[in-house]
2 protein chains.
Amino acid sequence: MTSSPRASSALLTDHYELTMVQAARQSGTAERRAVFELFPRRLPPGRRYGVVAGVGRALDVIEDFRFDAAALTALEGIVDPDMLEWLASYRFSGDVWGYAEGEAYFPYSPLLVVEGTFAEAVLLETVLLSVYNHDSAIASAASRMTLAAGGRPCIEMGSRRTHEEAAVAAARAAYVAGFDASSNLAARARYGVPSTGTAAHSFTLLHDAEADAFRAQVQTLGVGTTLLVDTYDVAEAVRLAVEVAGTGLGAVRLDSGDLGEVAREVRAQLDGLGASATRIVVTSDLDEHAIAALAAAPVDAYGVGTQLVTGSGHPTCGFVYKLVAREGAAGELVSVAKKSTDKQSIGGRKYALRRRGPSGVAEAEVVGIGAPPEDDGDDRALLVPLVRDGEVVGRATLDEARARHRASVAELPRSVTMMSAGEPVIPTVHLGP
Amino acid sequence: MTSSPRASSALLTDHYELTMVQAARQSGTAERRAVFELFPRRLPPGRRYGVVAGVGRALDVIEDFRFDAAALTALEGIVDPDMLEWLASYRFSGDVWGYAEGEAYFPYSPLLVVEGTFAEAVLLETVLLSVYNHDSAIASAASRMTLAAGGRPCIEMGSRRTHEEAAVAAARAAYVAGFDASSNLAARARYGVPSTGTAAHSFTLLHDAEADAFRAQVQTLGVGTTLLVDTYDVAEAVRLAVEVAGTGLGAVRLDSGDLGEVAREVRAQLDGLGASATRIVVTSDLDEHAIAALAAAPVDAYGVGTQLVTGSGHPTCGFVYKLVAREGAAGELVSVAKKSTDKQSIGGRKYALRRRGPSGVAEAEVVGIGAPPEDDGDDRALLVPLVRDGEVVGRATLDEARARHRASVAELPRSVTMMSAGEPVIPTVHLGP
């Protein structure tokens, strides 16, 4: 894994975050102790659960949120010199708790609790939301896809359908949610996500004959490679593929047509040719519903692109970052909330646990307001320390996040596997204050 | 504008692009002359036109597509040492033509024509698609929003709803398509997109009284600032806002409730208080339909977030990058195309012009196969040189892209302003070969 120095994340934010801090410095409130929370008001319509991803990336962002000389120059004219000086020494020094990466979430799950001065905590608002809203949207879609695939491997190949940097984050988030690999090389280099690839139609078209293309690929990548067999005639290509690679051919890829039907024909042909261990990989606008519909087809792996990187209809999570408590004039912590009928927030610092029955099945998302809810004995606390006094303390590996995802989804009620639209599989219960 | 050195874009690609080149080097076809085209097979369902954006970013990507030491180390084990050596000196040396940034597009518009060796041109596939698919999706949505807004300004404020780097590109693309400003500071620093901002509810909640918050903001940012007036009671906040800032208050922002109705009440109240020049900015999950529905309301500016950065229901364009011609064994250029019923491509190099009637109104997107279509006298050629012999020659400013967008949309048939679902406003006509 390469570890090139990461660029400052400090300008990946909204104009008003900085001007608000400047104004708060004017009114003497900038240094008031404050608690912000990042949470969803709801799941996307019809979704039964969500999956948290981006935690590791968010910790990188917090570490890298410094205003270097170039950033300060860019901010001249937006904030005053006094504020620029304050920004030059900015460094988040507070505490952060949050759901572990890979954890399932539900409406009002307090995914992040950020405590610090108002000034230092509000500056992180935009970029933390960007990371969480994107990465969790991808992981939530990916988790449904891996559930729908049963034990069959899913491969992320959507880089070309989304912003080139979002693609890297999407590959990472999909891996957290159970995908086996990605086509994205930067995700491999930065995060160690396994990368894989087959070949494009252009590679076949480049050659004077399909057999030439297959021969070149097998000679270069070995017989374990995956040959793309739908550029011209599928049956002829399958015959050629086994002729060129032998019965040890790793896999063939189908990228068009009625995938279930073609897969059955190709499976029969491969078996007839003695290539019974050659796998069939399918791609072509798959989503969780298409994957589920192929459950009975002889498919060995799914390559998923567009629908994965666009969150399968829900490209963002709608997480918000709200001030829930702040220091009052007398130094006490005061719960605060906007009074709005259509955008509800609940004041006061939150705690959360997943209530589980004696058999270990999740029963409710319990959110305590102002105090931790009591553990009934089978429950699981959800907030873990991520940052303490500005130092990252909660970094998990991607393997740990993958394990967390598996365990978290496994303890949800069985209805979690239903791909149809429905309510959250467990209710959110608020307790206290 | 700061111009920090851009990072290499060479790993922002798919695994198979590299292994295909290695295999083509094996078969002696890597250096064959090749023409790739980037184009849409269709518009998103119901859309009447699309808008090209990302051209300038794509040119940056082509310039920065070099494999540095870190990238080469990351590729060890994926390609062989001979290939690594070839990559170390990789530099695109071919030619690129394309639609100008801001131009309208239709099904099969040849947005980019990339000519070079197979090896050098195929390597750019993934990242060019990423840039175009994302940026054009945002610009296409943004263009409908600015049309729906009539002359009223639109402000991009969706950074928090999308990946943090996608947010910067989205701000840029929205600006191309007629938005007036963005909240995103990195878009300002990198591209000169004007930035702007108001304040969040947290700023009001931080203070012991709403008036304290308003006072701090006005003292810091001047009376021309925009005060957020829906944290508690709107009417009381408007009264306070004018009391604090005077009748010269720049604007108030409404972020909840029935925006049209509340805007009418606030307008009446502001006028009654003598603040008749104070503008009303509305935000809150706006899309082009909500903007159009507010046409009769006394709204002075629209702040658009989620629906802008997610392409208003269509977060990606479905552009593909296909080999359409390549050198044959005898050195001649051979048209090629995949034979598939559900994913049609047309072989042969494309040219394009917008057919216009004598009054200047667009009548058709004419795509010539193998030769440029004939100009009837009122037509407009669409492909401009972007890269010649590997050197960028077609860089336009964002102001030029904005002007191109305005002119391009202005010459489309009037039905372009309809927000309802419909067919492309002009047909695509293929001519030749």
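Each value, and the rule that gives it
- Residues numbered from 1 in each chain as written.
- Chains lettered and ligands numbered in written order.
- Predicted model: local features only at pLDDT ≥ 70, side-chain atom pairs only at ≥ 80, totals over all residues.
- Heavy atoms only, no water.
- UniProt positions renumbered as here; feature names shortened; annotations may be inferred.
- Helix = DSSP H or I, 4+ residues; strand = E, 2+ residues; numbered from the N terminus.
- Contact = heavy atoms within 4.5 Å.
- Areas by Shrake-Rupley, 256 points an atom, 1.4 Å probe, with all protein chains shown as cover.
- Lys, Arg positive; Asp, Glu negative; His and termini not counted.
- Charge placed at Lys NZ, Arg CZ, Asp CG, Glu CD.
- Least-squares fit on C-alpha atoms with pLDDT ≥ 70 in both.
- Pairing = 2+ DSSP bridges.
- Axes fitted to C-alpha atoms, helices over the stretch in contact; angles between N-to-C directions.
- Salt bridge = Lys/Arg side-chain N within 4 Å of Asp/Glu carboxyl O.
- Buried < 20%, exposed > 50% of the residue type's maximum accessible area, 1.4 Å probe, protein only.
- Buried area = accessible area lost by both parts, 1.4 Å probe.
- Polar contact = N/O pair within 3.5 Å; in protein donor to acceptor, adjacent residues only side chain to side chain.
- Domains from an automatic or database assignment.
- Parallel < 35°, antiparallel > 145°, perpendicular 65-115°, else oblique.
- Left-handed = near helix turned anticlockwise from the far one by under 90°.
- Nonpolar A, V, L, I, M, F, W, Y, C, P; charged D, E, K, R; others polar.
- Expected span 1.5 Å × (residues − 1).

Named according to an unreviewed UniProt entry, chain A is Nicotinate phosphoribosyltransferase originating from Nocardioides cavernae. Annotation of chain A in UniProt includes, under Pathway (unreviewed entry), the sentence "Cofactor biosynthesis; NAD(+) biosynthesis; nicotinate D-ribonucleotide from nicotinate: step 1/1." Per UniProt, the comment on chain A under Catalytic activity (unreviewed entry) is "5-phospho-alpha-D-ribose 1-diphosphate + nicotinate + ATP + H2O = nicotinate beta-D-ribonucleotide + ADP + phosphate + diphosphate".

**Q** Any details on the overall build of chain A? Residues and values, ideally.
**A** Along the backbone of chain A there are 15 helices and 19 strands. C-alpha extents for chain A along the principal axes are approximately 80 × 55 × 35 Å. If you take every contact in chain A between residues at least 6 apart in sequence, the share linking residues at least 24 apart comes to 74%. When the accessible surface of chain A is split by element, carbon and sulfur atoms take 50% of a total near 14700 Å². Computed over 41 positive and 55 negative side-chain charges, the inter-centroid distance for chain A is 3 Å.

**Q** How would you summarise the relation of the copies chain B and chain A if you had to cite specific residues and measurements?
**A** The two copies are related by a screw operation: chain B maps onto chain A through 180° of rotation and 0.0 Å of translation along the axis, at an RMSD of 0.0 Å. Each copy turns onto its partner about a two-fold axis.

**Q** Could you give an account of the sheet that holds strand β18 (residues 391-392) of chain A, with specific residues and numbers?
**A** All names here are of chain A. Sheet architecture is open: seven strands sit in the order β13-β12-β1-β5-β3-β17-β18, paired in antiparallel fashion. In this open sheet, the two edge strands, each paired with only one partner strand, are β13 (333-335) and β18. Relative to β13, strand β12 (residues 319-327) is paired through three bridges, and the arrangement is antiparallel. Directly across from Arg326, in β13, lies its bridge partner Val334. Contacting β3 (95-99), β17 (383-388) and β18, helix α2 (residues 55-64) runs over the sheet at an angle of about 20° to β17.

**Q** Residues and numbers for the pattern of salt bridges, please.
**A** For the structure shown, the criterion picks out 62 salt bridges over all chains. Two residues, Glu391 of chain A and Arg91 of chain A, come together in a salt bridge whose shortest N-O distance is 2.9 Å. Of this pair, Glu391 of chain A sits in strand β18 while Arg91 of chain A is found in the loop between α4 (81-88) and β3, placing the two residues 300 residues apart along the sequence. Note that Asp230 of chain B is salt-bridged to Lys338 of chain A, the shortest N-O span being 3.9 Å. With Asp230 of chain B in the loop between β8 (226-228) and α11 (234-245) and Lys338 of chain A in the loop between β13 and β14 (350-356), the pair connects residues from two separate chains. By the burial criterion, Asp230 of chain B is buried, and Lys338 of chain A matches it.

**Q** Which residues make up the sheet that holds strand β3 (residues 95-99) of chain B, and what values do they have?
**A** Residues and elements named next belong to chain B. The seven strands lie next to each other as β13-β12-β1-β5-β3-β17-β18, forming an open sheet whose pairing is antiparallel. At either margin of the open sheet sits one strand with a lone partner, and together these are β13 (333-335) and β18 (391-392). In terms of strand pairing, β3 meets strand β5 (residues 112-117) through four bridges, oriented antiparallel. Bridge pairing in β5 links Trp97 to Val113. Most of the contacts of helix α2 (residues 55-64) go to strand β17 (residues 383-388), to which it runs at about 20°, and overall it touches β3, β17 and β18. Contacts from helix α6 (residues 125-148) reach β1 (33-40), β5 and β12 (319-327) within the one sheet, and its direction differs from that of β12 by about 140°.

**Q** Break down the interface of chain B and chain A for me, citing the residues and quoting the values.
**A** Opposite the 95 residues of chain B that make contact, chain A presents 95 residues. Summed over both sides, the interface between chain B and chain A buries roughly 7700 Å², with carbon and sulfur atoms accounting for 59% of that surface. In terms of surface lost to chain A, no three residues of chain B exceed Arg160, Leu185 and Leu206 of chain B, which account for 11% of the buried area on that side. The interface formed by chain B and chain A contains 56 residue pairs in polar contact (both at pLDDT 80 or more). For the side of chain B that touches chain A, the element with the highest residue contribution is helix α1 (residues 15-27) of chain B, accounting for 11 residues.

**Q** Account for the domain arrangement of chain A, naming residues and giving values.
**A** Residues and elements named next belong to chain A. Here chain A is partitioned into domain 1 (15-123 + 318-431) and domain 2 (150-309). Each of domain 1 and domain 2 has a C-alpha centre, and the two are 38 Å apart. Taken residue by residue, the interface counts 13 residues in domain 1 and 13 residues in domain 2. Buried surface at the junction of domain 1 and domain 2, both sides included, amounts to about 1100 Å², of which 62% is carbon and sulfur. If you sort the residues of domain 1 by the area they bury against domain 2, Leu398, Arg402 and Met419 come out on top, with a joint share of 53%. Our enumeration of links across domain 1 and domain 2 arrives at one salt bridge. For Glu101, the salt bridge is made with Arg172, and the minimal N-O distance between the two is 2.7 Å. Counting the contacts that link domain 1 with domain 2 gives three residue pairs in polar contact (both at pLDDT 80 or more). Put simply, the parts of the chain that give the side of domain 1 that touches domain 2 at least two residues each are α2 and α15 (398-410).

**Q** Give a detailed account of the side chain of Thr231 of chain B, specifying residues and quantitative values.
**A** Residue placement: Thr231 of chain B occurs in the loop between β8 and α11. A relative accessible area of 0% means that Thr231 of chain B is categorised as buried. The contacts of Thr231 of chain B, once residues within four sequence positions are left out, are Lys338 and Lys339 of chain A together with His201, Thr204, Leu205 and Glu210 of chain B.

**Q** Tell me about the packing of helix α10 (residues 210-221) of chain B against α11 of chain B, residues and numbers included.
**A** Residues and elements named next belong to chain B. Viewed as axis vectors pointing N to C, α10 and α11 meet at an angle of 40°, and their least axial separation amounts to 9 Å. When the interaxial angle is binned, α10 and α11 end up oblique. Along this stretch, α10 crosses α11, giving a crossing that reads as right-handed. Counted together, Glu210, Ala211, Phe214, Arg215 and Val218 of α10 and Ala237, Leu240, Ala241, Val244 and Ala245 of α11 form the full contact between these two elements. Taken together, the residues that form the contact of α10 with α11 break down as eight nonpolar, no polar and two charged.

**Q** Can you tell me about α10 of chain B, naming the residues and giving the values?
**A** Here α10 of chain B contains 12 residues, and its C-alpha end-to-end distance of 16 Å stays within 8% of the 16 Å for a straight helix at 1.5 Å per residue. Taken as a whole, α10 of chain B has its buried residues at Glu210, Ala211, Ala213, Phe214, Ala216, Gln217, Val218 and Thr220 of chain B. Residues of α10 of chain B that are buried sit in contact with α1 (15-27) of chain A together with α9 (201-206), β8 and α11 of chain B. In the segment just after α10 of chain B, Gly222 of chain B is the residue with positive phi, at about 90°.

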